[in-house]
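Coordinate analysis (summary)
So you can see what is in the structure, the chains are spelled out below.
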Amino acid sequence: MQISNYFSDVSRVVAKFTARNEKTEPEKEASGVSAADAFLKEARKTPAQRIRDQLLARMKLDEESLAAMPSEKRAAIEKQIAEELKRQLSGEKDRRGAAVDLTA
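Residues numbered from 1 in each chain as written. Predicted model: local features only at pLDDT ≥ 70, side-chain atom pairs only at ≥ 80, totals over all residues. Heavy atoms only, no water.

In this section: the packing of helix α3 (residues 47-58) against helix α5 (residues 71-90). The N-to-C vectors of α3 and α5 enclose an angle of 130°; their axes lie 10 Å apart at closest approach. In terms of orientation, α3 and α5 fall into the oblique class. In this structure, the crossing between α3 and α5 has a hand that is right-handed. Only E78, I81, E84, L85, Q88 and L89 of α5 make contact with α3, whose side of the interface consists of P47, A48, I51, R52, L55 and L56. Looking at the contact of α3 with α5 residue by residue, the classes come out as eight nonpolar, one polar and three charged. (Axes fitted to C-alpha atoms, helices over the stretch in contact; angles between N-to-C directions. Helix = DSSP H or I, 4+ residues; strand = E, 2+ residues; numbered from the N terminus. Parallel < 35°, antiparallel > 145°, perpendicular 65-115°, else oblique. Left-handed = near helix turned anticlockwise from the far one by under 90°. Contact = heavy atoms within 4.5 Å. Nonpolar A, V, L, I, M, F, W, Y, C, P; charged D, E, K, R; others polar.)

Here the focus is α3. For α3, which comprises twelve residues, the first-to-last C-alpha distance of 16 Å matches the rise-based estimate of 16 Å (1.5 Å per residue) to within 8%. The complete set of buried residues in α3 reads I51, R52, L55 and L56. Along α3, the residues classed as buried sweep out an arc of 135° about the axis, all on the same side. Those residues of α3 that are exposed and aimed more than 90 degrees away from the buried face are A57 and R58. Packing partners of the buried residues in α3 comprise α4 (63-67) and α5. Residue K60 follows α3 closely and has a positive phi angle near 60°. (Expected span 1.5 Å × (residues − 1). Buried < 20%, exposed > 50% of the residue type's maximum accessible area, 1.4 Å probe, protein only. Arc of directions from axis to C-beta.)

With a phi close to 60°, K60 is a non-glycine residue in the positive phi region. Mapped onto the elements of the fold, K60 is located in the loop between α3 and α4.

Looking now at the nonpolar core. Residues I51, L55, L56, L61, L66, M69, I77, I81 and L85 constitute the largest nonpolar core, which totals nine residues. For this core, the secondary-structure elements that each account for two or more residues are α3 and α5. Sequence-distant contacts of I81, that is, excluding residues within four places in its chain, are made with R52, L55, L56 and M59. (Core = buried A, V, L, I, M, F, W, Y, C linked by side-chain atoms within 4.5 Å.)

This part covers the pattern of salt bridges. As enumerated under the stated definition, the model contains five salt bridges in all. A salt bridge links R52 to E63; the shortest N-O distance between them is 2.7 Å. Linking R52 in helix α3 with E63 in helix α4, this pair joins segments that are eleven residues apart in sequence. In this structure, the salt-bridge partner of R52 is E78, at a minimum N-O distance of 2.9 Å. Of this pair, R52 sits in helix α3 while E78 is found in helix α5, placing the two residues 26 residues apart along the sequence. Residues joined in a network through salt bridges with shared partners are E42, K45 and D53. (Salt bridge = Lys/Arg side-chain N within 4 Å of Asp/Glu carboxyl O.)

Okay, here's the thing in structure tokens:
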């Protein structure tokens, strides 16, 4: 194989690859948000926001469904969230059950 043929083959492959990637970049999820945007949105959240989102997800809720609830039920859930936030952010979860004799 001659070097000129090799370079023309490589050029063709690079052109195909580039054309294919130009169509798909930036890669977006079905929701229309790129993975980088989703990551940055999550990274900018405070620890309290992350904990709140996790608790709501555990309850199979989101902010919209929480807002649509009757006020009594919403207040009870908000109270649970506040207690859990306080527990996790104060480090109480680390101390629970940690009675250890360190004198040995």
